[in-house]
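Examination of the molecular architecture
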Amino acid sequence: MARESLSVVFAGSGGSGAMTAGNVFLRAAANAGYYGLMSQLFGPQVRGGESAALVQISTIPIEAQPDCFDIFVALDWDKVEQFAVEIPLDENSVILADKEAGAMPPSIAKSKAREIDLPMSDPDLTRLEKALRGRHINIFAAAAVAALAGLSEWNVGSALQAVMGDKSNEVIKANAAAAASGAMAGKKLGLDFKLDRARKADRWLITGNEAIGLGALRGGVRFVGCYPITPATDLVEWLAPELQKLGGRLVLAEDELAAINMVLGSSYGGTPSMTVTSGPGFSLMIETLGLAVAAEIPAVVVDVMRAGPSTGIASKTEQSDINIAIHGTHGDAPRVVLAPTSIADCISTAESAVYIAESLQVPVIVLSDQAFGQTRVVIDPDSKRPKPMRRRINGAPSGAQFKRYAIGFDPVTPMPLPGTPGYQWVAEGLTHSEIGLPASGAGAHVAQINKRAKKLQRFEPGDFWGESWGEGDTVVIAFGSTIGPAREAARRLTAAGHPVRIVGLRLLAPLPFTALASALDGARRIIVIEQNHSAQLYHYLLGQKAIPVSAESVARPGPLPFRSSEIASYVA
Amino acid sequence: MSDTLASETHCVKAMAAKDFSSGAHPIWCPGCGDYGVLSALERALAAHGRPPHEVVLVSGIGCSSRLPAYTSCYGFHGVHGRALAVATGLKLTRPELEVITIGGDGDGYSIGGNHFIHACRRNVDMLYLVMDNRVYGMTKGQPSPTTEPDWDSDIAPGGIGLRPFNPLALAIAAGANFVARGFAGDPQGLADLIIEGIGWPGFSFLEVLSPCVTFRPEQREWKHMVRPAIMTAATDRATATAQVLAEDGFNLGVLYRGERAPVATPASTKITLADIERQFAIGV
Ligand SMILES: Cc1ncc(C[n+]2csc(CCOP(=O)(O)OP(=O)(O)O)c2C)c(N)n1
Ligand code: SF4
């Protein structure tokens, strides 16, 4: 019987090419019209360490990792066992491994998954030849699994071409040969993993990090100041050449303190600007975040969250920067905090982030995470774009002294660009008067604090606040990469006759009270799910009286992603 | 961002130093060296000839960093130590503006020391003027990276016991393209150095001896100690470094002129967002 989806892991030691295998398989499925998702697991080594590509393909969009993987392909067994907890397998799973690669480690064998021998290299080859050609077993394996899923050799071939694009002819030829024999070997296994027919359409293959980069470019970001940090680095590495093509610029700063201050400088000059970081770097930026609030300078700060505190786990995910994003920095410093609701949504949320920053003259923090950033998905390209909103640079009354920080009906006051005659003003982080001169009196302080607060109180998010899916009086509130597994859990529970509603928050601050209240309308049970130990979102919502005290909290740290079964069993 | 600014298209009448004053009353103590720096800067900008709205003064935190609001230019008074980063972001995206960074020795050499090194290395076309009073003035008298080892203070009784570092040698080593020393008590000489620093391509570093009469009253003596530099400005870094390491810190004038080209604006290709988005499309 054909199936709706298939989940496959390619795992191996450094140099085994597990990621390439995953990419080829995912792309082959995408070519055939399937949706898909590939997460990445890395060992602690900087380069060449063991890794695993976790790939799912399906006839419907995928936003969560499976409870259990269907197929585990061991390109070799070297240190692969350290991934055991992150790659759930059970007795229905199949392990494909070459007997010659040695014995299955006990941590994997414990799953009771069925092991099937898949000789991955030509038995007639000598040891030396195998070592030399062994490079291509990843492609062999990808093609074998593709054949099991019913993907055509043509789709595999064109995926191979796309993934290997810049390799020499000789390498491509050798891989094509490996793919051909892999496909043959796969068919001979006599296993049935055929997928239902797919519906072809124009689709995109994109990672969360690329999606945020693209959204930022769409929003008009033309300056990025940054300092490398996992798992945010690939976002800026993608952006650097694209920005340059568009006439913008990325500057590799000496540290995150410089990065965010460069962003404020360029933004002050009129260029929509952004910095991209992860927890440790975000912590360094906090003082300047307050400056952006006080001096009212637009800025977008992307935090691709990883496990913290301190250096934590650089390559693994967690949703534990809610507190710092919403509250980080001394004083009263209202800012906007957004979280994309899916990888596809990273594009428009990032674009909106730029518009909100520019139009409200505030820093906007985009909370993504490693599970979004470094996961590649097949999506339907969105045609609807957020409505552009620009910075107010004109319209200030001319006269004796320009009041950059004027107190009046509209808390958003024009910020003319440097170079404009007659409107000279000083961006000021000290408490200041309306003309921007430092002031230490209570009057100016209270007036300016109120002005900044009012900008956010007046902000009308409309549909942007978040999304709600499904009916039912049990409501799960989630954000970011937890929404996917929560929705999948709701889908199952609803199918089993227990309807569950999911509320995904996109706007974390300022809290969209009205929209959230109506999304929670009729709820008899409210559960807040998040991937951190201290229930940061739950306590925030509770403190803001956005949820009743009867609301429940499901909070646990990363780096393990939420499984839909985990959520479903709690909610049921 | 390549719009030509007003001064390049219209005829602008000659400006006077007072055109660059905002009229705001400085918070500085009477006799503070920073008054002399402000006056020299106003003179220099008038002579330089670009109108106030085309000039942006970027500063950090400290008595000295208060300066931007006292001028009629655009300004950015940021947080402590980060002015050079702000100025870098601004100048790279608005190269047609005249960007000048201002600060104190605590701001620039201590909390902002890393940015100082990298601004020299980056060589963005701007002037960095440091009012060095060898003390943290605003926080009421603690030793800074340029304070003498035996200077007695509440926080370091008997002296900090550390050798002060030499900001000029550091700037030359890190790649600044123009290094000079001025004195707040010599506004005309200082104005000349400012003008030359603004005009010199790349990153120009101007260290200004600016007495803190409140916490370092002995610095009033500086006016008797400074002298025009007897050595000529070196154009190779080894000679310049040897000179600034050997002298006593009271030689005024240009001490190094380099020939390094400032960071260039990268050429942009004609491409649209749609071209970029095409990379994500699957297959064909
Ligand atoms: C992050 C941070 N740390 C400390 C301070 C307190 N602070 C304000 S000004 C200053 C030192 C200023 O010294 P300097 O740059 O030499 O300027 P001066 O006041 O002497 O002109 C310090 C430490 C601050 N504002 N911010
Ligand atoms: S404390 Fe020193 S540096 Fe500050 S204003 Fe007074 S004299 Fe000038």
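Above this text is the structure in question.
For clarity, every value in this text was computed on a predicted model and none was experimentally measured.

Things to note about empty space enclosed by the protein
Residues and elements named next belong to chain B. One pass over the full model with this rule turns up one cavity of 30 Å³ or more. Taken as a whole, the largest cavity encloses approximately 40 Å³ of empty space. If you list the elements that add at least two residues to the lining of the largest cavity, you get helix H3 (83-93), strand E3 (98-104), helix H4 (105-111) and helix H5 (113-122). Looking at the lining of the largest cavity residue by residue, the classes come out as five nonpolar, five polar and one charged.

Re helix H4 (residues 137-149) of chain A
Residue and element names in this part refer to chain A. Over its 13 residues, H4 extends 18 Å from the first C-alpha to the last, a length consistent with the 18 Å expected when each residue adds 1.5 Å. H4 sits mainly inside the fold: 13 of its 13 residues count as buried. Gly150 occupies a position one or two residues after H4 and carries a positive phi of about 90°.

A word on unusual backbone geometry
All names here are of chain A. Here Thr230 and Pro231 are connected by a cis peptide whose omega angle stands at 0°. Mapped onto the fold, Pro231 is located in the loop between strand E8 (223-226) and helix H8 (233-245). Note the cis peptide between Gly558 and Pro559, where omega equals 0°. If you trace the backbone, Pro559 turns up in the loop between strand E21 (552-555) and helix H18 (564-571).

Things to note about the packing of aromatic side chains
Tallied over the entire structure, the rule returns 19 aromatic pairs over all chains. Summarising the aromatic geometry, the rings of Tyr109 of chain B and Phe205 of chain B are spaced 6.4 Å apart at their centres and angled 70° between planes, so their arrangement reads as edge-to-face. In this pair, Tyr109 of chain B sits in helix H4 while Phe205 of chain B sits in strand E6 (residues 203-209), placing the two residues 96 residues apart along the sequence. Of the two residues examined, Tyr109 of chain B and Phe205 of chain B, each falls in the buried class. With a centroid separation of 6.0 Å and 35° between ring planes, the pair formed by Tyr128 of chain B and Phe205 of chain B is classed as tilted. Within this pair, whereas Tyr128 of chain B is found in strand E4 (residues 126-132), its partner Phe205 of chain B is found in strand E6, the two being separated by 77 residues in sequence. When sorted by exposure, Tyr128 of chain B lands in the same class as Phe205 of chain B, which is buried. One aromatic cluster is present, formed by Tyr109, Phe116, Tyr128, Phe165, Phe203 and Phe205 of chain B through successive ring pairs. Across the ring face of Phe562 of chain A, the terminal group of Arg556 of chain A is positioned such that the distance to the ring centre comes to 4.3 Å. Cation over ring: Arg257 of chain B sits above Trp200 of chain B, and NZ or CZ is 5.9 Å from the ring centre.

Points about the site of ligand 1
If you check the shell around ligand 1, you find 17 residues, and the closest are Cys63, Ser64, Gly106, Asp107 and Gly137 of chain B. Chains contributing residues near ligand 1 are chains A and B. Note that an oxygen atom of ligand 1 is positioned 2.8 Å from one of the backbone N or O atoms of Gly137 of chain B. Contact between ligand 1 and Met138 of chain B: an oxygen atom at 2.9 Å from a main-chain N or O atom of the residue. Protein burial of ligand 1: of its 590 Å² of free accessible surface, 77% is covered by the chains. Per-element accounting of the shell around ligand 1 gives the leading share, four residues, to H4 of chain B. Split by residue class, the shell around ligand 1 holds six nonpolar, eight polar and three charged.

The rules behind these values
Residues numbered from 1 in each chain as written. Chains lettered and ligands numbered in written order. Predicted model: local features only at pLDDT ≥ 70, side-chain atom pairs only at ≥ 80, totals over all residues. Heavy atoms only, no water. 1 Å grid on protein atoms, 1.4 Å probe; cavity = no way out; pocket = protein on both sides within 12 Å on 5 of 7 lines; lining within 4 Å. Points joined across faces, edges and corners; volume = space filled by probe spheres on them. Helix = DSSP H or I, 4+ residues; strand = E, 2+ residues; numbered from the N terminus. Nonpolar A, V, L, I, M, F, W, Y, C, P; charged D, E, K, R; others polar. Expected span 1.5 Å × (residues − 1). Buried < 20%, exposed > 50% of the residue type's maximum accessible area, 1.4 Å probe, protein only. Phe/Tyr/Trp six-rings, centres within 6.5 Å; stacked < 30°, edge-to-face > 60°. Lys NZ or Arg CZ within 6 Å of the ring centre and 35° of its normal. Near = heavy atom within 4 Å. Polar contact = N/O pair within 3.5 Å; in protein donor to acceptor, adjacent residues only side chain to side chain. Areas by Shrake-Rupley, 256 points an atom, 1.4 Å probe, with all protein chains shown as cover.

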